[in-house]
Amino acid sequence: MEKIFPTEKLIPTLLWPFTGLATGTPVLIRKLTAPQRERRAEAAELQTRQAELDAQAAKDAEAAFKKKLAEADPAKRPAMLQAREAAAVAARQVELELAKASRKEKRSRAGDAAGAAALVLIVGGPLVWSLARPLIEPGIGLLIGAWWIAALIHAPTPDKTTPAEADQEDQDQPAPPATEATEEEPAEKDRQETPKAADPTPADARHAVALLGAGGTHVALTAVTAHLAAAHPLWKRSGKAVRALLHEAGIGVRGGVRIEGISVPGIHHDDVPPLPSPSDSTPEGVVVAGQSNNNNHNNAQQ
């Protein structure tokens, strides 16, 4: 009963005969027409398969004829070609005749059906109308009522949880144990910074282009996207985002560069930046070989 008439509130209950009819009618139509769609899809699939088989058979016949023509006596080749053309013309004529006969048969059937229908309407129409007229209006009413109930049954059930009840459920759930403010603030800060840290930066995009084009070759935009996606698993990969990162890094993306004989969007080898030297990435406070680790400049010499 709750499926047909929701009983949570008064207004949804009063409007449900109309809202349920509007939402359930498409579902009911899809269920009623599902067998027809399946048959049409199966027929289309069979027709496609038959066309593929016919094309393959024609291809095999053409290959066999060419092989036979190559192996035949040169004096007999014109006769073989002429016989093949004659056979093709005859086959086409037979096909046209069959199509013409099929159309003629369809017109004949349609004429017979129209004549029978006209005879029934002229002879038996008044009798059938006089007998069925008292049942037409009740029949239409029963049909509308049956369709209405079926649409209500197939309509999606409205969500019984209102926003107020959802808020109440959230309030009834036990709150997590309270911690000190010094511990909550870093945790909230980490949650806010994690998505940003997961996204690549223009420097990452520049380094990816330099690494992929280190051999003096062009770099495809898809290769840069794949490299950044592998280095940042939580990043939502997007070619548009990569273009924006490369634009911020000062690297131009061309509409077409030749890679393995195919023109794809990417970075020309003249625009590929060089790889950074190890000295550029060395922090200032790191001690390298041969350098003293005494950074106190105010130590007195003894």
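Predicted model, so just to flag it, every value in this text is computed and none were measured.

Time to look at the overall build of the protein chain. Scanning the protein chain from N- to C-terminus turns up seven helices and three strands. Start at the N end of the protein chain and walk to the C end: the helices and strands fall as α-α-α-α-α-β-α-α-β-β. The burial tally for the protein chain puts 14% of its 302 residues in the buried class. For the protein chain, the computed accessible surface area is about 23600 Å², with 60% contributed by carbon and sulfur atoms.

We now examine the pairing of strand E2 (residues 254-259). Where E2 and strand E3 (residues 262-267) come together, four bridges link them in antiparallel fashion. Bridge assignment links arginine 258 to a residue of E3, and that residue is serine 263. Taken together, E2 and the strand that follows it, E3, pair antiparallel across an intervening segment of two residues, in which glutamate 260 is found at a positive phi of about 55 degrees.

Let us look at the sheet that holds strand E1 (residues 219-220). With antiparallel pairing, the three strands of this open sheet are ordered in space as E1-E3-E2. In this open sheet, the two edge strands, each paired with only one partner strand, are E1 and E2.

Attention now moves to the pattern of salt bridges. On inspection of all chains with the given rule, the structure shows five salt bridges. Of the charged contacts in the structure, one is a salt bridge between arginine 84 and glutamate 62, with a shortest N-O distance of 1.9 Å. Here glutamate 62 lies in helix H1 (residues 10-71) and arginine 84 lies in helix H2 (residues 77-154), a separation of 22 residues in the sequence. On the accessibility criterion, arginine 84 (35% relative accessible area) is partly exposed. Arginine 254 is the salt-bridge partner of aspartate 271, the closest N and O atoms lying 3.4 Å from each other. Taken together, the residues aspartate 271 in the segment after E3 and arginine 254 in strand E2 connect sequence positions 17 residues apart.

Here we come to the nonpolar core. Counting residues in each nonpolar core, the largest one holds 15 residues, and the members touching the most others are Val209, Val224, Leu228, Val242, Leu246 and Ile267. Broken down by secondary-structure element, the contributors of at least two residues to this core are helix H5 (202-212), helix H6 (221-231) and helix H7 (239-248). Dropping the residues within four chain positions of it, valine 209 is found in contact with Val219, Val224, Leu246, Ile251, Ile267, Val272 and Pro273.

The subject of this paragraph is the packing of H1 against H2. Any two packed helices are characterised by the angle at which their axes cross and by the distance between the axes. The interhelical angle for the contact between H1 and H2, taken along N-to-C directions, is 170 degrees, at an axis separation of 18 Å. Overall, the two elements H1 and H2 adopt an arrangement that is roughly antiparallel. Here the contact of H1 with H2 is composed, by residue class, of 18 nonpolar, four polar and five charged.

Further remarks concern H5. Regarding H5, the residues found buried are Ala205, Ala208, Val209 and Ala210. On its buried face, H5 is in contact with E1, H6, H7 and E3.

Along H6, the residues that are buried comprise Leu221, Val224, Thr225, Leu228 and Ala229. Taken around the axis of H6, the buried residues stretch over an arc of 130 degrees, which confines them to a single face. In H6, the exposed residues that point more than 90 degrees away from the buried face are Thr222 and Ala230. Where the residues of H6 are buried, they touch H5, E1, H7 and E3.

One ladder, built from two bridges, connects E1 with E3; its direction is antiparallel. When the bridges of E3 are listed, alanine 220 appears paired with glycine 266.

What counts as what
- Residues numbered from 1 in each chain as written.
- Predicted model: local features only at pLDDT ≥ 70, side-chain atom pairs only at ≥ 80, totals over all residues.
- Heavy atoms only, no water.
- Helix = DSSP H or I, 4+ residues; strand = E, 2+ residues; numbered from the N terminus.
- Buried < 20%, exposed > 50% of the residue type's maximum accessible area, 1.4 Å probe, protein only.
- Areas by Shrake-Rupley, 256 points an atom, 1.4 Å probe, with all protein chains shown as cover.
- Pairing = 2+ DSSP bridges.
- Salt bridge = Lys/Arg side-chain N within 4 Å of Asp/Glu carboxyl O.
- Core = buried A, V, L, I, M, F, W, Y, C linked by side-chain atoms within 4.5 Å.
- Contact = heavy atoms within 4.5 Å.
- Axes fitted to C-alpha atoms, helices over the stretch in contact; angles between N-to-C directions.
- Parallel < 35°, antiparallel > 145°, perpendicular 65-115°, else oblique.
- Nonpolar A, V, L, I, M, F, W, Y, C, P; charged D, E, K, R; others polar.
- Arc of directions from axis to C-beta.

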